[in-house]
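One letter stands for each residue in the lines below.
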Amino acid sequence: MKPNRSIPAATVIPVLIYPDVRAAVDWLGAAFGFVERVRIGEDHRAQLAYGDGAVIVGDVRKDRRPPRPGEVTHSVTVRVADARAHYERAREHGARILMEPTDFEYGERQYTAEDPAGHQWTFSQTLTDVAPEEWGGTSVG
């Protein structure tokens, strides 16, 4: 792929809709550690980075809207170095914790949080390298 400074370099880029893009950018930075890399208009869109990943925050318009209360349309998983420390930061900034940090047989420590707009996020720390066959998965390819 050719590089382009106008779009994140990540291969997969979720676009999440928020009622207030600027407030979302501020909150996602403070609570989850995202960094704004590009702003498009005052409250239209923003590109955020976390490590080598990216997410785009978009405004409400036409058929685009955030999840309604009680509705789960997706979840975004973000790999972090320390899930417990990340969890504490998110909790301090008002993230609604849906699952406390939990160690799983597939070698990950994860917690799940909901942001103020209702988007669900799972943050995952690798504890050890585990073959999928060790916990019931199947390696393909």
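Analysis parameters
Residues numbered from 1 in each chain as written. Predicted model: local features only at pLDDT ≥ 70, side-chain atom pairs only at ≥ 80, totals over all residues. Heavy atoms only, no water. Helix = DSSP H or I, 4+ residues; strand = E, 2+ residues; numbered from the N terminus. Buried < 20%, exposed > 50% of the residue type's maximum accessible area, 1.4 Å probe, protein only. Areas by Shrake-Rupley, 256 points an atom, 1.4 Å probe, with all protein chains shown as cover. Lys, Arg positive; Asp, Glu negative; His and termini not counted. Charge placed at Lys NZ, Arg CZ, Asp CG, Glu CD. Expected span 1.5 Å × (residues − 1). Polar contact = N/O pair within 3.5 Å; in protein donor to acceptor, adjacent residues only side chain to side chain.

J.: Let's hear about the overall build of the protein chain: which residues, and what values?
T.: In terms of helices and strands, the protein chain carries 2 helices and 8 strands. Along the three orthogonal principal directions, the C-alpha set of the protein chain runs to about 50 × 40 × 25 Å. Taken across its 141 residues, the protein chain has 40% of its residues classed as buried. Carbon and sulfur atoms make up 51% of the accessible area of the protein chain, which totals about 8,600 Å². Of the charged side chains in the protein chain, 17 are positive and 21 negative; the average position of the first set lies 9 Å away from that of the second.

J.: I'd like a rundown of helix H1 (residues 21–32), residues and numbers included.
T.: Taking 1.5 Å of rise per residue, the 12 residues of H1 would be expected to cover 16 Å, and the 16 Å separating its terminal C-alpha atoms lies within 8% of that figure. Among the 12 residues in H1, 9 count as buried, and that is most of the element. What H1 keeps buried is the set Val 21, Arg 22, Ala 24, Val 25, Trp 27, Leu 28, Gly 29, Ala 31 and Phe 32. Structurally, the start of H1 carries an N-cap: the backbone nitrogen of Arg 22 is 3.2 Å from a side-chain oxygen of Asp 20.

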